[in-house]
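# Summary of structural features
This is what each chain is made of:
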Amino acid sequence: MISIELDMIQTAGIGALALLVGMVLTRRVSFLQKFCVPSPVSGGIIFSLITLMLYGCFHVEVSFDGTLKDVFMVAFFTSVGFQSDLKVIKKGGKPLAIMLGLLVVVIALQNLMPMGVTRLMGVDPLIGMAAGSISMTGGHGTAGGFASVLEAMGLHGAGTIGMAAATFGLIAGSMIGGPLAERIIRKKLTHEQMQPQDDEIDPAMAGIESDEASPTGRTKRVSTNEQEFQQYAKATYCILLVMGAGTLMSWLLSKTGVTFPTYFGALVLAAIARNTLGFISYKEDGKWEKAEKLLDMERIISVGNISLSMFLGMAMISLRLWELQSLALPLIVILAFQVLMMALFVYWVAFPLLGRNYDAAVLCAGMCGFGLGATPNAMANMSAVCYKYRYTVKPFLIVPIIGAMFADLINTGMITLFLNIIKWICATV
């Protein structure tokens, strides 16, 4: 066996190349557009298939340095922490609170069910965790983030298992969301329930009016290159500052004996910083302003998304697909049960609790999207349903809040709980 080892710069370069290839593929292949497959995933799979061919046909094993990959991962989850504004719960009202509760239950079931399946099949329960909420609700980002934790606990090839499961979930979430909502609408809603309420408006039109009619709406589009540089630089510095401080928090958390992912300290610290600044005011030009306005959230999100793309590109090219051969059957069984469980939960539990109305049906389509895939899948599912029937406001306000602000925070806490339960059980047996 010939071994080729690439350093962190070479790995980053190939990861960026995978991104560019994925961008081209996403533009040209309708299947990838339909299922909202991210560019790093589509491009990265091409490179992972190349390494599989080299391994299987020419006995050449290519290994990648994950140092910079981990840096990009922490940067992304730090940006997620900055987006966690707890005040939005009040704005979302009862449907948002119900969706948060349903999300907690879904995440718990996504971890409990695989543990039961692995027990029945006599395989490592960590395989179930890798194909649980880590890769379902968490997606590729969380699957890559927890790969090192699962590897340290003894699951060989955890990154490959998690990424494979996340890719499956991405496609499955898009495939079942629309048809399930369609069935709910046809079977459970009356003609009267399908009619729009008086208080429903089209936020797209409201946004156009506010942007075009107001001076601030027109001014916000005007910026110079120097202004853009300063804004992105400030956002990058904020992320790096919290990343550095987050390492200290992660070190303190490690002293508790509880297993946490490497990014957890920075994610929590960013969330604390964002919500603390909301209670602090400062005086500018004779007026009192909230300190949270100092955070340029639009740029922080952009830097986070760039970091996520680089992280995913590097993670996908590093997949060792040949490690899936011995785990094919358990993984297929677990993933099939994940899809079945999500469909049944949404149809029989989520829809009734969300109000048995048209908004609830659209939210169910969105829940399939981010519960098995990612927020863009959820938005695509809901858009497809609304395109066929009619537009509704609330789901498009609630789902991005759930997906962007709370899903990763709740999921990380729940995964950490389950992993430490497994760790405790293994230690006592």
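Here, every reference points to the structure presented above.
In this report, the structure presented in the accompanying data block is examined. (Residues numbered from 1 in each chain as written. Predicted model: local features only at pLDDT ≥ 70, side-chain atom pairs only at ≥ 80, totals over all residues. Heavy atoms only, no water.)

## Section: the overall build of the chain
In terms of helices and strands, the chain carries 17 helices and 4 strands. For 429 residues, the compact-globule estimate of 2.2 N^0.38 gives 22 Å, and the chain sits close to it at 22 Å. By principal-axis analysis of the C-alpha atoms, the chain measures approximately 65 × 55 × 50 Å. Across the 429 residues that make up the chain, the buried fraction comes to 48%. Contacts in the chain between residues at least 24 apart in sequence constitute 77% of all its contacts with a sequence separation of at least 6. Accessible area for the chain stands at about 20700 Å²; split by element, carbon and sulfur atoms hold 67% of it. In the chain, 30 side chains carry a positive charge and 28 a negative one; their mean positions are 7 Å apart. (Helix = DSSP H or I, 4+ residues; strand = E, 2+ residues; numbered from the N terminus. Rg over C-alpha atoms; globule rule 2.2 N^0.38 Å. Buried < 20%, exposed > 50% of the residue type's maximum accessible area, 1.4 Å probe, protein only. Contact = heavy atoms within 4.5 Å. Areas by Shrake-Rupley, 256 points an atom, 1.4 Å probe, with all protein chains shown as cover. Lys, Arg positive; Asp, Glu negative; His and termini not counted. Charge placed at Lys NZ, Arg CZ, Asp CG, Glu CD.)

## Quick word on helix α15 (residues 358-372)
End to end, α15 covers 22 Å across 15 residues, agreeing with the expected 21 Å (1.5 Å per residue, within 8%). The opening residue of α15 is N357, an N-cap whose side-chain oxygen sits 3.4 Å from the backbone nitrogen of D359. (Expected span 1.5 Å × (residues − 1). Polar contact = N/O pair within 3.5 Å; in protein donor to acceptor, adjacent residues only side chain to side chain.)

## Comments concerning the pattern of salt bridges
Close approach of charged atoms allows side chains with opposite charge to pair. On inspection of all chains with the given rule, the structure shows 8 salt bridges. R299 serves as the salt-bridge partner of E228, at 2.6 Å between the closest nitrogen and oxygen. Here R299 lies in helix α13 (residues 297-317) and E228 lies in helix α11 (residues 225-254), a separation of 71 residues in the sequence. Overall, R299 belongs to the buried group, its relative accessible area being 11%. The structure contains a network of salt bridges with shared partners spanning E228, D296, E298 and R299. (Salt bridge = Lys/Arg side-chain N within 4 Å of Asp/Glu carboxyl O.)

## Observations regarding the environment of Y389
Note on placement: Y389 falls in the loop between α16 (375-388) and α17 (394-428). Overall, Y389 belongs to the partly exposed group, its relative accessible area being 29%. A polar contact is formed between the side chain of Y389 and the side chain of E182, at a distance of 2.6 Å.

## Digging into the pairing of strand β4 (residues 287-290)
Both strand β3 (residues 281-284) and β4 contribute to a ladder of 4 bridges, which runs antiparallel. The residue of β4 that forms the bridge with K283 is W288. (Pairing = 2+ DSSP bridges.)

## Some points on the nonpolar core
Residues M99 and L150 are the most contacted members of the largest nonpolar core, which totals 107 residues. Of all the elements, α17 adds the most residues to this core, at 12 residues. (Core = buried A, V, L, I, M, F, W, Y, C linked by side-chain atoms within 4.5 Å.)

## A few points about the packing of α15 against α16
Their axes nearest at 7 Å, the elements α15 and α16 cross at an angle of 145 degrees. Between α15 and α16 lies a crossing whose hand is right-handed. Residue-level inspection shows Y358, V362, A365, G366, C368, G369 and F370 of α15 in contact with α16, the latter providing T375, N377, A378, N381, M382, V385 and C386. Grouping the constituent residues of the contact of α15 with α16 by class yields 9 nonpolar, 5 polar and no charged. (Axes fitted to C-alpha atoms, helices over the stretch in contact; angles between N-to-C directions. Left-handed = near helix turned anticlockwise from the far one by under 90°. Nonpolar A, V, L, I, M, F, W, Y, C, P; charged D, E, K, R; others polar.)

## Considering the packing of helix α4 (residues 67-82) against α11
Their axes nearest at 9 Å, the elements α4 and α11 cross at an angle of 105 degrees. On the basis of the axis angle, α4 is roughly perpendicular to α11. Every residue of α11 that contacts α4 at V71, V74, A75, T78, S79 and F82 is listed here: C238, I239, V242 and M243. Among the residues forming the contact of α4 with α11, the class breakdown is 8 nonpolar, 2 polar and no charged. (Parallel < 35°, antiparallel > 145°, perpendicular 65-115°, else oblique.)

## Topic: the packing of aromatic side chains
Summed over all chains, the structure comprises 7 aromatic pairs. Taking 4.9 Å as the distance between ring centres and 65 degrees as the angle between the ring planes, the aromatic pair formed by F76 and F77 counts as edge-to-face. F77 carries the same exposure label as F76, and that label is buried. Within the aromatic cluster, the residues linked to one another by ring pairs are F76, F77, F146 and Y263. (Phe/Tyr/Trp six-rings, centres within 6.5 Å; stacked < 30°, edge-to-face > 60°.)

## Details of unusual backbone geometry
Positioned with a positive phi, H59 is a non-glycine residue whose angle comes to about 55 degrees. In this fold, H59 is placed in the loop between α3 (39-58) and β2 (60-64). Owing to a relative accessible area of 48%, H59 belongs among the partly exposed residues under this scheme. The backbone of R356 shows a phi angle near 55 degrees, a positive value even though the residue is not glycine. As for its placement among the helices and strands, R356 is situated in the loop between α14 (328-353) and α15.

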